[in-house]
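The primary structure of each chain is shown beneath.
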Amino acid sequence: MSYTYQHPRPAVTVDAVVLRIKGFILEILLIQRANEPFKDMWALPGGFLDMNETLEEAIHRELEEETNLKGLELEQLH
């Protein structure tokens, strides 16, 4: 199939908001970006979907790649 742009589908991303309560303080998990753009800036963990990957598969993969967290129970927000 021929496309008029470089990628055969739109670029879709996922981001995770991981929260915990420690004492009486609500904490949010952030990563420090390793690459440009915005290298060294703080961000939510996430990234682009791979071909034939579901949103759920993508966020689990990204969380493990960027934070080494696995097996979290996640809920999609719309």
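A brief report on the enclosed structure follows. No experiment lies behind these values; they were computed from the predicted model shown. (Residues numbered from 1 in each chain as written. Predicted model: local features only at pLDDT ≥ 70, side-chain atom pairs only at ≥ 80, totals over all residues. Heavy atoms only, no water.)

## Section: the overall build of the protein chain
Across its full length, the protein chain holds 1 helix and 6 strands. Counted from the first residue to the last, the protein chain has its helices and strands arranged as β-β-β-β-β-β-α. Here the protein chain holds 78 residues, and the buried ones make up 19% of them. Sequence-distant contacts, at least 24 apart, represent 42% of the contacts inside the protein chain between residues at least 6 apart. Of the roughly 6800 Å² that the protein chain leaves accessible, carbon and sulfur atoms contribute 56%. (Helix = DSSP H or I, 4+ residues; strand = E, 2+ residues; numbered from the N terminus. Buried < 20%, exposed > 50% of the residue type's maximum accessible area, 1.4 Å probe, protein only. Contact = heavy atoms within 4.5 Å. Areas by Shrake-Rupley, 256 points an atom, 1.4 Å probe, with all protein chains shown as cover.)

## Considering helix α1 (residues 55-67)
In this model, α1 (13 residues) spans 18 Å end to end at C-alpha, consistent with the 18 Å of a helix rising 1.5 Å per residue. Looking only at α1, the buried set comprises Ala58, Ile59, Arg61, Glu62 and Leu63. Tucked into the core, α1 has its buried residues touching β1 (13-15) and β6 (46-48). Asn68 sits one or two positions beyond α1 and adopts a positive phi of about 70°. (Expected span 1.5 Å × (residues − 1).)

## Quick look at the pattern of salt bridges
As enumerated under the stated definition, the model contains 7 salt bridges in all. Note that Glu27 is salt-bridged to Arg20, the shortest N-O span being 2.6 Å. A salt bridge links Arg61 to Asp50, with the shortest nitrogen-to-oxygen separation between them at 3.4 Å. With a gap of 11 residues between them, Arg61 in helix α1 and Asp50 in the loop between β6 and α1 connect regions that are remote in the sequence. Several salt bridges share partner residues, and in doing so they unite Asp50, Glu53, Arg61, Glu62 and Glu65 into one network. (Salt bridge = Lys/Arg side-chain N within 4 Å of Asp/Glu carboxyl O.)

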